[in-house]
Structures are given as structure tokens and as C-alpha cells.
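Take a look at the letters that make up each chain.
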Amino acid sequence: MPTGWRFIAQRALTGAFIDWDVPLALSGNPRRALSGPGSLTATIEPEYARLIGPDKMPVLEEWNTKVYLEVDGHLRWGGIITKATFDGAKMSIDCEGLSSYAHGIPYEDHLISGELITPPDPYDGRDKNHDGFVDFTNPKQPMPTPPPPYTGPRIDAFHAFRKIWDHIQSRPYGDIGLRLDGHDLGRLLGATDGSDPWELAWWNNPDCGQTLDQLARDMPFDWVETHSWNNDHRSIEHRLRLGTPRLGRKRDDLRFADGENLIAIAKPEGLGDEYASEVVVLGKGEGRAMLRAQVARPARNRLRRVATVTDKTISSANALRLRGEQELDGRTQALQIPAIQVFDHPNARFGSWQLGDDIRVQVHVPWVGDVDLWHRIVGDEISADGTCVLTLKRSDAFHY
């Protein structure tokens, strides 16, 4: 293991540290992801007798052990062991970021935003002879107009995101210590006229993780999981940072260029069969009653290509159009560099960028020539050899 690197193990529920230098060998680089939990895989061989914690439980145990990678005093990765396999004296572990815990957890409550409410009519049934007047009134009182329906309270998307996490962590043995930003996104869920409420109901057996991912896609917004030492260096803070709506910024102060700090680039990608200049989105309903939206973004000098997306959960025109715009964002772009490998350099010191940042990539691509494009960092993988791989996506592919 490189100097300045160590793996730390902590109990998932109690927060007790059980090993300050776990002898793990990485199987792949620890990966962080924008709006995703990230992952880490490692092995340990041979069996270490000392890997029994003070609580007499194995140090490395599925759903019981949090694992951190510390590099030069800074936590560069954190997560929980989700799988352990054994092959003779060799043990392999798969770890995922703490935010992965939401997947597979059912929502067992009821949350609704923008519900259409029909208030009770206090005069209902008081015109039994149907003469248009309230029974037994003298002088006769005309039947009042029933009170109109109205839209119930609407909640901010971030409020719903936090409510789901609060529910997850309020259950017995469910508090993994994640704390969420407290600000609002400024986008309310559900239609203003009550025609399309946003609802999460236990009787539909919704999956919390899938719902959180869907919220981030539909609104849309970014989130990122972070881990850092508290001031006393005796406890770790786990945080979900929420973008408004996006995280990161344009980094004019960083440079990534051939012959300077780039070691390698992944094979540049076009879209091929994935290219489309129009998207048809099919939503709720069947036959002629099916909701439908068509979004076009013609490209000069390119033939028209159409992609069709079906999502039966969509029940409003606005949501259909938003889904179409999001789909086009990923289908209309030209060449992109999917990943670059960099080393620590004055152009961009390790730790100087954040997930979500936009960076300028300047490379030479055979058959294309010199490419100078802004890309967004959507993932990174730190390596024991002193390099880092940045996963990228063209900045203009994001529509928020």
C-alpha cells in the first residue's frame, strides 16, 4: 500500500472504530460518482487472526462494517460492505457508498404533494324534493353552490428527498448516519391544479432507493455523498450534498491537456445508433387515450432520427416534455471523451476538483484532430500508483 494510505473499519450502527489499518488489497480503484453511491472492491489474504473486533465480531462483515480509504489524512472514499465471498484463505469484499442502503428498503408511510381535495358540501342531501331550495326553510333558501375543489399543499422536491431518507433512518437498525442539506430546490411536486399529484404510498410498496433516483432524474438535480473527519478527528461526518439544481462549477482555473498532465484518454465516443434529433415519449394510458409528447431538436446537416421512450408512470404533459428533453440531451451531442487518466500536476492538483465540476479537456484525436471541449466530472477513481481516472460527460449534455 502506498505511503499515506490506510483503510479504516467502523461499525455501521454504533460508529465504533474497530480497526485503523485493515490490510486490504484493492481489486479496482475506489470510485466516487455524481448522484450515485460509488464502489470499492478489495481482497485480503491470507486469513488474519487479528481481524476480530473488540465486540468479538469479524472486523469485515456484510452490512455491519463501514470502510474508509484515508489518503494523507483525508478521507477519499467511504461506504459499507455489502458482499463478502471466500475462496480458501482469500476473502473478497464489495463495498458501496452509504447512499446505496436506500435500495431495497420499502417506504412504509404515505406522502403526497398537490392532492386534489374536494371539501364536503354542508348542504348535501338537504334538497330531498329536488326543488332547488334547502328543505324546511322559510322563506325558502336556494341551495348554495357546493364549495369548489382545491389543490392541497405542495412540497419541495428536496423536502420529499429528505422525508424519504428520514423514514429510512428512523426505522429500527436503519440509521446509517447520513445527514442531508437543509435547503430547498425551489421546485414543487405535483401539478398546480391538482390534476397530477405526486404520491408515495405504502400500499404500492415503493422502493425508497428507486424513488430517490427517480426524483433526481425528474426534477432534475445533483447530489453527492461525502465523508470527512470532524474537528476532533475522532468521528466521521457523512453528508449528502444537494445541488440547486446542480453541483460543481466551471473550472477556468484547472487545465487538462495532452503533453502536460494527461497520461491517457479513453477511446472518444460518438453516438452511433443512439443519436436522435427527435424523441417521442409515451406515458400513461392505452390506445388513443395514451399520453404522448414529441420533442425535436433538429441538427444542421444531419438526417432526422427519432427515438421512442415509454414510461407508464408519467401522467402529465409537463413531465412528458421534460422526459423528452432529458432524453435528447444524451442523444444529440457529438464527440465526447468518456474518461481521462491524470497525475498530480500544478495544472490540477489532486483534490482540487469536485464531482460535478466542468473542466476543459484539450487532446488530439486521430481522424478528428485537436479537440477542445468542456466536460463535466461525473466520477473519479483514485489509484495507488499516484494517478486518477476522471469519468466525463460533455457539459452540454446536461439540461438544467
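That block above? That's the structure.
Residue indices follow the written sequence of each chain, beginning from 1 at its first position. Thresholds applied to this predicted model are a pLDDT of at least 70 for local features of residues and 80 or more for the giving and counting of side-chain atom pairs; totals over whole chains, interfaces and linings are not thresholded and use all residues. The side-chain numbers reported here are obtained from all heavy atoms of the structure, hydrogens and water having been left aside.

A. Broad picture of the sheet that holds strand E14 (residues 223-229). By the convention used here, strands pair only if DSSP detects at least 2 bridges between them. The numbering of helices and of strands both runs from the N terminus, where a helix is a DSSP run of H or I of at least 4 residues and a strand a run of E of at least 2. Within the open sheet, the 3 strands sit side by side as E12-E15-E14. Their pairing is mixed. The outermost strands of the open sheet, each flanked by one partner alone, are strand E12 (178-180) and E14. Strand-to-strand twist of the sheet, defined as the mean angle between neighbouring strand axes without regard to direction, takes the value 30°. Alignment of E14 against strand E15 (residues 236-242), held across 7 bridges, turns out to be antiparallel. Within E15, the position partnered with Ser228 by the bridge is Glu237. To obtain an axis, a line is fitted to C-alpha atoms, over the contacting stretch when the element is a helix, and the angle between two such axes runs from 0 to 180 degrees between their N-to-C directions.

B. Examining empty space enclosed by the protein more closely. Cavity means a closed set of points on a 1 Å grid over the protein atoms alone, one where a 1.4 Å probe fits but cannot get out, pocket means an open set with protein on both sides within 12 Å along at least 5 of 7 lines, and lining means a residue has an atom within 4 Å of a point. Grid points are joined across faces, edges and corners, and a volume is the space filled by probe spheres set on the points. Under the criterion given, the structure shown has 1 cavity of 30 Å³ or more. Looking at the largest cavity, its volume works out to about 30 Å³. Together, Arg32, Val224, Thr226, Arg241, Gln354 and Leu355 line the largest cavity. Only Asp, Glu, Lys and Arg are considered charged in this grouping, and only Ala, Val, Leu, Ile, Met, Phe, Trp, Tyr, Cys and Pro are considered nonpolar; every other residue, Gly among them, is considered polar. A class-by-class count of the residues in the lining of the largest cavity yields 2 nonpolar, 2 polar and 2 charged.

C. View of the layout of surface pockets. The volume enclosed by the largest pocket comes to roughly 1,200 Å³. Considering the residues around the largest pocket, the lining is formed by 33 residues, among which Asp196, Trp198, Asp218, Thr313 and Ala319 are closest to the centre. Listing elements by their share of the lining of the largest pocket, those giving two or more residues are strand E13 (198-201), helix H2 (208-218) and helix H3 (317-329). Top element by residues in the lining of the largest pocket is H3. It accounts for 6 residues. Each residue belonging to the lining of the largest pocket can be placed in one class, and the counts come to 14 nonpolar, 11 polar and 8 charged. For the second largest pocket, the calculated volume is near 840 Å³. Along its surface, the second largest pocket is lined by 39 residues, and Arg32, Leu75, Arg76, Trp77 and Gly351 are the ones closest to its centre.

D. Inspection of unusual backbone geometry at higher detail. Pro139 follows Asn138 through a cis peptide bond whose omega is 0°. Here Pro139 lies in the loop between strand E10 (116-117) and strand E11 (150-151). That bond from Met219 to Pro220 is cis: its omega, -25°, falls within 30 degrees of zero. Here Pro220 is to be found in the loop between H2 and E14. Phi at Trp63 takes a positive value of approximately 60°, unusual for a residue other than glycine.

E. Seen up close, the side chain of Glu325. By secondary structure assignment, the location of Glu325 is in helix H3. Residue burial is assigned from relative accessible area. The probe radius is 1.4 Å, only protein chains are included, and a residue is buried under 20% of its type maximum, exposed over 50%, and partly exposed in between. Assessed through its relative accessible area of 16%, Glu325 is described here as buried. Side-chain atoms alone can form a polar contact between residues adjacent in sequence; in general such a contact is a pair of N or O atoms within 3.5 Å, and within protein one must be able to donate a hydrogen while the other accepts it. A polar side-chain atom of Glu325 sits 2.7 Å from a polar atom in the side chain of Arg297.

F. View of the environment of Phe7. Note on placement: Phe7 falls in strand E1 (residues 5-11). Residue classification places Phe7 among the buried positions, given a relative accessible area of 1%. Along the sequence, Phe7 and Asp181 sit 174 residues apart, while their C-alpha atoms lie 27 Å from each other.

G. Geometry of the nonpolar core. We define a nonpolar core as any set of buried Ala, Val, Leu, Ile, Met, Phe, Trp, Tyr and Cys residues linked to one another through side-chain atoms lying within 4.5 Å. If you look at the biggest cluster of nonpolar residues, it comprises 30 residues, and the most contacted ones within it are Phe161, Ile164, Trp165, Ile168, Leu189, Leu215 and Phe221. The element best represented in this core is helix H1 (residues 157-170), accounting for 7 residues.

H. Spatial organisation of the side chain of Ser316. Looking at the element boundaries, Ser316 is found in the loop between strand E20 (306-310) and H3. One polar contact links the side chain of Ser316 to the main-chain amide nitrogen of Ala319, over a distance of 3.2 Å. Setting aside residues up to four positions removed in sequence, Ser316 forms contacts with Asp196 and Leu291. The contact criterion used is simple: two residues touch if any of their non-hydrogen atoms lie within 4.5 Å.

I. Examining the sheet that holds strand E19 (residues 292-296) more closely. The 3 strands lie next to each other as E19-E18-E20, forming an open sheet whose pairing is mixed. The open sheet terminates on both sides in strands that have one partner only, identified here as E19 and E20. The average angle at which neighbouring strand axes cross in this sheet is 15°, direction not considered. Its contacts with the sheet put H3 on strand E18 (278-282), E19 and E20, and the angle it makes with E19 is roughly 35°.

J. Here's a closer look at the packing of H1 against H2. It is at 10 Å that the axes of H1 and H2 come closest, and there the two elements cross at 165°. The angle between H1 and H2 falls in the class roughly antiparallel. In the packing of H1 onto H2, the handedness of the crossing is left-handed. Contacts from Ala157, Ala160, Phe161, Ile164, Trp165 and Ile168 of H1 reach H2 at Cys208, Thr211, Leu212 and Leu215. Of the residues contributing to the contact of H1 with H2, the split by class is 9 nonpolar, 1 polar and no charged. Note on terminology: angles under 35 degrees are roughly parallel, angles over 145 are roughly antiparallel, angles of 65 to 115 are roughly perpendicular, and the others are oblique. Take the far helix as your reference; a near helix turned counterclockwise from it by less than a right angle gives a left-handed crossing, and one turned clockwise gives a right-handed crossing.

K. Seen up close, the pairing of E1. Of all 7 residues in E1, 6 are buried, a share of seventy percent or more. Strand direction decides the pairing type here: E1 and strand E6 (residues 65-71), joined by 7 bridges, are antiparallel. Bridge pairing in E6 places Arg11 opposite Thr65. The pairing of E1 with strand E2 (residues 17-19) spans 2 bridges and is classified as antiparallel.

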